[in-house]
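A structural walkthrough
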Amino acid sequence: MANDPSEPSETRMDAALRELFSHGERVPLVYWRRFSGAKATVLATGAVGILAFITGLSHLSQGGASFDGPLAPVVPAGTAGLVQLAGVLLGFVLGGVAAGMQRRYRLAWWGAAVALPLALVLPLVTAEATDVLLFGSAAITLPLVVYNRGGFDRRVELSPFQAAALTTLVAVQLYGTVGAYVLREQYTGIETWTDAVYYVVVTGTTVGYGDATPTTADAKLFTLSVLLVGTAAFGAAFGSFIVPALETRLTAAFGTMTASELTLLEDHVVVLGSGDLTEPLLDELDAEDVVVVTLDTEAASALRDRDVSVLTDDPTDTEALLDARVDVARGVVAATDDDARNTLAIIAARQANPDVRIVAAATDQRHVDKLEGVGADAVISPAVIGGQLLGRSVLGEADPLLSDPDAADTTDPDTADTTDDDAADTTDDDAVDPGPST
């Protein structure tokens, strides 16, 4: 809106200042989401696990300690040893839960929802001075877990072999436990269900402490069956999870990043493809979380050396973009060296997240309209921008995008103002035709 010449200069100045310094959106002093999101929840859960482990070690170091907490009377007699071990066990459990939550597993979230209340109850039983930090951290972390429950929605997907191995392992444990308890009269050292479970586990894992032994031929045959089947079940279940983990580590060693490592990304920028624009783009986005999706393994390895998150996959595949968490991304950049691949990448990104902002680079100026037509919010032609900058540079015009940061300082402000005024006056004189004199 143009200023009214009739207004006083002070009024115009006040209006200009208000327009310059007023902001329609509030800028928060502290971004609370950074301290209350999924990342903070995972870190807090891991911290509670560490404190629980330290607290458990403190309890064990006290030997036969007596507990004086408000909930101590409800603890059954003779279970003081289990209470002392509870902290260490909770530490291991919460450590595994935090690892699962890092991959957004819903099952891990349920584990945290169960383990954190136990971490709150433990100090109320022991009433030790060393338990104050555990109680406080658990009290802070539990609301975070509940608040961010929607962020941990990934299902645990097992392969058919893993599901069969786990089912077989559970079946063998049930078979061995029930059989050992039924035949307990033919064993030494087996009297309760706990003894039966203990016997099956040490037998199946080939530990065999020798404190529970068969005394009859039937018991020995039963033990042999548990030993053969149980060992095979343990080995299959163990291998079905260890082998994929080793493959993941080997993949990471070759410069790629697995999808599970990307699951905690929020408000990041997804760069589709790698090419000549990747390096300057990453320099510009240095302060942002960036994930590059590319099939070029050499480029992926080089980017990983720079601590850039890389997903070695097809940037035109919608599933790959979902693995890169494009559904919660701040923006997407289609920056391959091929406009056709950029087009497919834009379509895939728009399918994965219809609301995300997509910016594309057009190697050919003629394809700008096409890239906008398939869903890009903005299309930039590096060739056009480069030509404009070259033209400004050769004419000596200052531009903030020029590679020489001192280029804009070579012109004297006073001279520049005078030149502009003179140019404006010249333009005005030429624009007005006085006509013939009369």
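Below or above, wherever it landed, is the structure these notes cover. (Residues numbered from 1 in each chain as written. Predicted model: local features only at pLDDT ≥ 70, side-chain atom pairs only at ≥ 80, totals over all residues. Heavy atoms only, no water.)

Right, let's get into the overall build of the protein chain. Assigned secondary structure in the protein chain consists of 16 helices and 8 strands. Of all 438 residues assigned to the protein chain, the portion counted as buried reaches 34%. Taking all contacts inside the protein chain whose residues are at least 6 apart in sequence as the whole, residues at least 24 apart take part in 64%. Of the roughly 26,500 Å² of accessible surface on the protein chain, 61% is carried by carbon and sulfur atoms. (Helix = DSSP H or I, 4+ residues; strand = E, 2+ residues; numbered from the N terminus. Buried < 20%, exposed > 50% of the residue type's maximum accessible area, 1.4 Å probe, protein only. Contact = heavy atoms within 4.5 Å. Areas by Shrake-Rupley, 256 points an atom, 1.4 Å probe, with all protein chains shown as cover.)

Its identity is not glycine, yet Arg-104 carries a phi of approximately 65 degrees, on the positive side. Position of Arg-104 among the secondary structure elements: in the loop between helix H4 (80–102) and helix H5 (106–126). What makes Arg-104 buried here is its relative accessible area of 3%. Non-glycine residue Arg-325 carries a positive phi angle of around 60 degrees.

Before going further, it helps to examine the side chain of Arg-350. Tracing the chain through its elements places Arg-350 in helix H13 (residues 339–352). For Arg-350, a relative accessible area of 18% corresponds to the buried category. A distance of 2.8 Å separates a polar side-chain atom of Arg-350 from the backbone oxygen of Pro-354. A distance of 3.1 Å separates a polar atom in the side chain of Arg-350 from a polar atom in the side chain of Asp-377. Excluding residues that lie within four positions of it along the chain, Arg-350 makes contacts with Asp-355, Val-356, Ile-358, Gly-375 and Asp-377. (Polar contact = N/O pair within 3.5 Å; in protein donor to acceptor, adjacent residues only side chain to side chain.)

Here helix H7 (residues 160–182) spans 33 Å end to end across 23 residues, near enough to the 33 Å set by a 1.5 Å rise per residue. Of all the residues in H7, the buried ones are Gln-162, Ala-165, Leu-169, Val-172, Gln-173, Gly-176, Thr-177, Gly-179 and Ala-180. (Expected span 1.5 Å × (residues − 1).)

All chains considered together, the criterion is met by 3 salt bridges. For the salt bridge of Asp-314 with Arg-341, the shortest nitrogen-to-oxygen distance reads 3.1 Å. Of the two residues, Asp-314 is situated in the loop between strand S5 (309–312) and helix H12 (318–323) and Arg-341 in helix H13; the sequence distance between them amounts to 27 residues. Classification of Asp-314 by relative accessible area gives partly exposed; the value is 23%. By relative accessible area, which is 31% here, Arg-341 ends up partly exposed. When the shortest N-O distance is used, the salt bridge between Asp-364 and Arg-366 registers 2.7 Å. (Salt bridge = Lys/Arg side-chain N within 4 Å of Asp/Glu carboxyl O.)

The next point concerns H5. In a regular helix each residue adds 1.5 Å, so 21 residues correspond to 30 Å; H5 covers 31 Å between its end C-alpha atoms and thus fits that length. Following H5 by one or two positions, Ala-127 adopts a phi angle in the positive range, close to 55 degrees.

Attention shifts here to the packing of aromatic side chains. If you walk through the whole model with that rule in mind, you get 5 aromatic pairs. For the pair Tyr-187 and Tyr-199, a centre-to-centre distance of 5.1 Å together with 65 degrees between the ring planes defines the contact as edge-to-face. Of this pair, Tyr-187 sits in strand S1 (residues 187–188) while Tyr-199 is found in helix H8 (residues 193–204), placing the two residues 12 residues apart along the sequence. Under the relative-accessibility criterion, Tyr-199 is labelled buried at 4%. When the ring centre of Tyr-181 is taken as reference, the NZ or CZ atom of Arg-184 above it lies at 4.1 Å. (Phe/Tyr/Trp six-rings, centres within 6.5 Å; stacked < 30°, edge-to-face > 60°. Lys NZ or Arg CZ within 6 Å of the ring centre and 35° of its normal.)

What follows deals with a nonpolar patch on the surface. A cluster of nonpolar side chains, Leu-57, Leu-60, Leu-82, Leu-85 and Leu-89, forms an exposed patch at the surface whose accessible area comes to about 460 Å². Elements with a contribution of two residues or more to the nonpolar patch: helix H3 (38–61) and H4. In terms of residue count, the dominant contributor to the nonpolar patch is H4 (3 residues). With respect to the helices and strands, the residue Leu-82 is situated in helix H4. (Patch = residues over 30% accessible without salt bridge, like charges linked within 9 Å, V, L, I, M, F, W, Y side chains within 5 Å.)

Strand order in the open sheet formed by 6 strands is S5-S4-S3-S6-S7-S8, with parallel pairing between adjacent strands. Taken across any chain shown, the strands that pair with only one partner, and hence form the sheet edges, are S5 and strand S8 (378–380). Here the strands of the sheet are splayed against their neighbours by 20 degrees on average, with no regard to which way each runs. Where strand S3 (residues 269–272) lies against strand S4 (residues 290–294), 4 bridges are found, and the strand directions are parallel. Within S4, the residue paired with Leu-272 across the bridge is Val-293. Against the sheet, helix H11 (residues 297–305) touches S4 and S5, its axis set at about 160 degrees to S5. (Pairing = 2+ DSSP bridges. Axes fitted to C-alpha atoms, helices over the stretch in contact; angles between N-to-C directions.)

Right, let's get into the pairing of S3. Of the two faces of S3, both are covered, the one formed by Val-269 and Val-271 as well as the one formed by Val-270 and Leu-272. Across 4 bridges, S3 lies against strand S6 (residues 331–334) in parallel orientation. In the sheet register, Val-271 faces S6, and the bridge partner there is Val-333.

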